[in-house]
Amino acid sequence: GVGTCPAGYSIIAGQCLSLIRYNPKIQKDAEIACNQRAGTLAAPRDPQRLWHYYKQQNYKVGMWVGASYDKEEGVWRWSNGELIPEDFPWYEGEPNNENGEEHFVILGNNGYQDYPGSSGAFYICEP
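Remember, predicted model here, so these are calculated numbers, not experimental data.

K.L.:
What am I meant to see in the overall build of the chain here?
P.N.:
Counting its regular elements, the chain contains two helices and eight strands. Starting at the N terminus and walking to the C terminus, you meet the elements of the chain as β-β-α-β-α-β-β-β-β-β. Here the chain holds 127 residues, and 44% of them are scored as buried. Long-range pairs, those at least 24 residues apart, make up 63% of the contacts in the chain with a sequence separation of at least 6. Of the roughly 6,900 Å² of accessible surface on the chain, a fraction of 45% belongs to carbon and sulfur atoms. Taken as two groups, the 10 positive and 16 negative side-chain charges of the chain have centres that lie 11 Å from each other.

K.L.:
Would you mind going over the nonpolar core with me for this structure?
P.N.:
Side chains that are nonpolar tend, in soluble globular proteins, to be buried together. Residues Leu-50, Leu-107, Tyr-112 and Ile-124 are the most contacted members of the largest nonpolar core, which totals 23 residues. For this core, the elements supplying multiple residues, two or more each, are β2 (15-25), α2 (47-57), β4 (63-70), β5 (75-78), β6 (104-108) and β8 (121-126). Apart from the residues lying within four places of it in its own chain, the contact partners of Leu-50 are Ile-12, Ala-13, Leu-17, Pro-44, Leu-107, Tyr-112 and Ile-124. Grouped together as the second largest cluster of nonpolar side chains are 12 residues, Cys-34, Leu-41, Trp-64 and Cys-125 included.

K.L.:
How should helix α1 (residues 27-36) be read in this particular structure?
P.N.:
An α-helical segment advances 3.6 residues per turn. Residues three or four places apart therefore align on the same side. Restricting attention to buried positions, one finds in α1 the residues Gln-27, Ala-30, Glu-31, Ala-33 and Cys-34. Taken end-on, α1 shows its buried residues confined to a sector of 160°, consistent with a single buried face. Set apart from the buried face of α1 by more than 90 degrees, the exposed residues are Lys-28 and Gln-36. Considering only its buried residues, α1 is in contact with β2, β3 (40-41), β4, β6 and β8.

Analysis parameters
Residues numbered from 1 in each chain as written. Predicted model: local features only at pLDDT ≥ 70, side-chain atom pairs only at ≥ 80, totals over all residues. Heavy atoms only, no water. Helix = DSSP H or I, 4+ residues; strand = E, 2+ residues; numbered from the N terminus. Buried < 20%, exposed > 50% of the residue type's maximum accessible area, 1.4 Å probe, protein only. Contact = heavy atoms within 4.5 Å. Areas by Shrake-Rupley, 256 points an atom, 1.4 Å probe, with all protein chains shown as cover. Lys, Arg positive; Asp, Glu negative; His and termini not counted. Charge placed at Lys NZ, Arg CZ, Asp CG, Glu CD. Core = buried A, V, L, I, M, F, W, Y, C linked by side-chain atoms within 4.5 Å. Arc of directions from axis to C-beta.

This is the structure we're talking about:
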């Protein structure tokens, strides 16, 4: 019915999400793990609210969300193809593409930041 989520997901910050807090994965493997849950890495509809929720849970480890840098166009996109909005709550000084290899996004205690896909993080799936 209305307001229900598929198995393994619950309503968090206004959308069906699953925050996976074990076995950190590189970005590609996190996406595969979400696919195995009949989902994809999440595009937060209310990123500020999700960040507050994350901080309240005291997770300590960053979590992949479904965003990546489109090198050809020079823009950040959600995995559904939508552009990340101008007013997105990036952490101060982010995205900074440190060492030229931060093309994905994690949510951490300071907010959202770009992060190398080869690093491990927890992850957030949406159905």
